[in-house]
Amino acid sequence: MNREEIKQILPHRDDMLLLDEVNLEDGHAVGRYHVKGDEFFLRGHFPGNPIVPGVILCEILAQSACVLLQDVMGEGELPVYTGLNNVKFRSPVRPGDTIETSCCIKRSKHPFYFAEGKVTVDGRLCVSAEFSFAITGA
């Protein structure tokens with residue numbers, strides 16, 4: 001699905017929609033985002049040596065995983081982060097890189113959903129994490 005289709009599922013807009021595309025493959029959400037270099041989060045992180053902040057990489061993971069929740073979210077409901085566990089940052093992500101995420105839901109007890117995922121660039125592992133969401137009213 002493209003950005004317009006993603007907007008039908010996620011509430012994020014403008015600078016905070018951090019996915020260019022997402023595909024559902026065998027229970028996994030595989031997302032992609034190309035780091036252009038002019039993003040707001042690179043302006044001061046770090047001058048002369050821009051690196052995508054870890055918190056942004058975690059947000060990209062979350063956005064990818066939330067596509068998997070499209071069938072359990074009702075009108076006006078939002079997925080919100082409830083936890084991040086075992087996050088490991090392995091390799092930096094820089095302008096020009098195309099981020100690929102792979103996320104899956106490991107277990108659920110509505111309204112809570114528990115996921116795991118990873119961020120790679122050209123097959124190189126950059127981030128791995130476990131995280132959780134709650135589906136809430138807007």
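Residues numbered from 1 in each chain as written. Predicted model: local features only at pLDDT ≥ 70, side-chain atom pairs only at ≥ 80, totals over all residues. Heavy atoms only, no water.

Undergrad: In this structure, what is going on with the overall build of the protein chain? I would like to understand it.
TA: Helix and strand counts for the protein chain come out as two helices and six strands. Secondary structure of the protein chain in N-to-C order comes out as α-β-β-α-β-β-β-β. Rg of the C-alpha trace for the protein chain: 14 Å, near the compact-globule value of 14 Å for 138 residues, within the 12% margin. Expressed as a percentage of its 138 residues, the buried residues of the protein chain come to 41%. Put simply, 59% of the contacts in the protein chain that link residues at least 6 apart link residues at least 24 apart. Carbon and sulfur atoms provide 48% of the accessible area of the protein chain, an area that totals close to 7300 Å². (Helix = DSSP H or I, 4+ residues; strand = E, 2+ residues; numbered from the N terminus. Rg over C-alpha atoms; globule rule 2.2 N^0.38 Å. Buried < 20%, exposed > 50% of the residue type's maximum accessible area, 1.4 Å probe, protein only. Contact = heavy atoms within 4.5 Å. Areas by Shrake-Rupley, 256 points an atom, 1.4 Å probe, with all protein chains shown as cover.)

Undergrad: Would you mind going over the sheet that holds strand β1 (residues 21–25) with me for this structure?
TA: Taken in spatial order, the six strands line up as β1-β2-β4-β5-β6-β3 in an open sheet, and their pairing is antiparallel. Every other strand in the sheet has two partners, leaving β1 and β3 (77–89) as the edge strands with one partner each. Sheet twist, expressed as the average angle between the axes of neighbouring strands with direction ignored, equals 25 degrees. (Pairing = 2+ DSSP bridges. Axes fitted to C-alpha atoms, helices over the stretch in contact; angles between N-to-C directions.)

Undergrad: Sorry if this is basic, but what is going on with the packing of aromatic side chains here?
TA: How two aromatic rings sit relative to each other is set out by the distance from centre to centre and by the angle between their planes. Going through the model one piece at a time under the given rule, you end up with four aromatic pairs. Ring geometry for Tyr81 against Phe133: centres 5.6 Å apart, planes inclined by 10 degrees, an arrangement best described as stacked. Note that Tyr81 is positioned in strand β3 and Phe133 in strand β6 (residues 124–137), a separation of 52 residues in sequence. According to the relative accessible area criterion, Tyr81 is partly exposed, its value standing at 30%. Joined through ring pairs, the aromatic side chains of Tyr81, Phe131 and Phe133 make up one cluster. Above the ring of Phe114, the side-chain terminus of Arg107 is found at 4.0 Å from the ring centroid. (Phe/Tyr/Trp six-rings, centres within 6.5 Å; stacked < 30°, edge-to-face > 60°. Lys NZ or Arg CZ within 6 Å of the ring centre and 35° of its normal.)

Undergrad: Is there a simple way to think about the pattern of salt bridges in this case?
TA: A side chain of one charge can pair with a side chain of the opposite charge when the charged atoms of the two come close. Tallied over the entire structure, the rule returns seven salt bridges. Notably, a salt bridge pairs Lys7 with Glu4, separated by 3.3 Å at the nearest N-O pair. Note that Lys7 and Glu4 are positioned in helix α1 (residues 3–7) at a spacing of three residues, about one turn of the helix. Here the residues in one salt-bridge network are Glu21, Arg32 and Glu100, joined through shared partners. (Salt bridge = Lys/Arg side-chain N within 4 Å of Asp/Glu carboxyl O.)

Keep in mind these numbers describe shape, not what the thing actually does.
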